[in-house]
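# Geometric and topological summary
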Amino acid sequence: MTEMIDNTLPVPIKIVRTLDNCYPGSRAVLDSITETLNPRLRTELQPQLYGNDTLRQIEINTAMSFYDDFHCKTNYIIADESLRLRRDDYYETLLTMFAEDEIDREGLFLRPRYQIGPLSKRTGLVYVTIVFEKAFSFLPEKEQKRKMSEYFLTAVSRIAMRKKNLNYDFPRLITDFKRVLDWWISI
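Residues numbered from 1 in each chain as written. Predicted model: local features only at pLDDT ≥ 70, side-chain atom pairs only at ≥ 80, totals over all residues. Heavy atoms only, no water.

Right, let's get into the packing of helix α1 (residues 27-44) against helix α5 (residues 141-162). Remark: α1 packs on α5, axes separated minimally by 10 Å, with the N-to-C direction vectors making an angle of 60 degrees. When the axis of α1 is compared with that of α5, the two are oblique. Regarding α1 and α5, the two cross each other, and that crossing is right-handed. Here Ala28, Val29, Leu30, Ser32, Ile33 and Leu37 of α1 come into contact with α5, specifically with Glu141, Gln144, Lys145, Met148 and Phe152. Across the contact of α1 with α5, the residue classes break down as seven nonpolar, two polar and two charged. (Axes fitted to C-alpha atoms, helices over the stretch in contact; angles between N-to-C directions. Helix = DSSP H or I, 4+ residues; strand = E, 2+ residues; numbered from the N terminus. Parallel < 35°, antiparallel > 145°, perpendicular 65-115°, else oblique. Left-handed = near helix turned anticlockwise from the far one by under 90°. Contact = heavy atoms within 4.5 Å. Nonpolar A, V, L, I, M, F, W, Y, C, P; charged D, E, K, R; others polar.)

Right, here's the structure in full:
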């Protein structure tokens, strides 16, 4: 039996494009997030079943590599998580991987794959940014959706581990989220 959906509660997981820019190969996938995935999350996730109002929403932001013209490009290089870099270390570490002229010419930026913020006690929001490298946009559409889904689930699972003391049914949320993501990959 399906529970009644309470439309006054925010959707527990929302996926947002940080910028509209991306390589052309990712345009259809990003459009699909806006036009297909987020509406499905609104109807399929059941916030009234997951727990208290402490955690109201996980907002996942997608930070895509892009190249608009010679002067407007951002190509992310994903940092090795085991390095545990601070923001101030990104450029110096990037210089150990690439020459300075290549960094400038290609618009290279070293970033971690996942940037997960704290839970705001005031708003009940957790902001996540997931960074996508240039090569991602050259994968077939279905593979992009599969990888994005994997990254989305990893981010939510990491939040669940950090917030395991909350009165929140993360296993149920993750199961419901995975079901919607599997549907999205299949269409």
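That shown, we press on.
All right, on to the sheet that holds strand β3 (residues 66-69) then. Overall, mixed pairing links the three strands, which are arranged β3-β4-β5 in an open sheet. At either margin of the open sheet sits one strand with a lone partner, and together these are β3 and β5 (108-111). In this sheet, neighbouring strand axes are inclined to one another by 30 degrees on average, regardless of whether the strands run parallel or antiparallel. When strand β4 (residues 72-78) meets β5, the two strands line up parallel, connected through four bridges. Paired with Tyr76 across the strands is Phe109, a residue of β5. (Pairing = 2+ DSSP bridges.)

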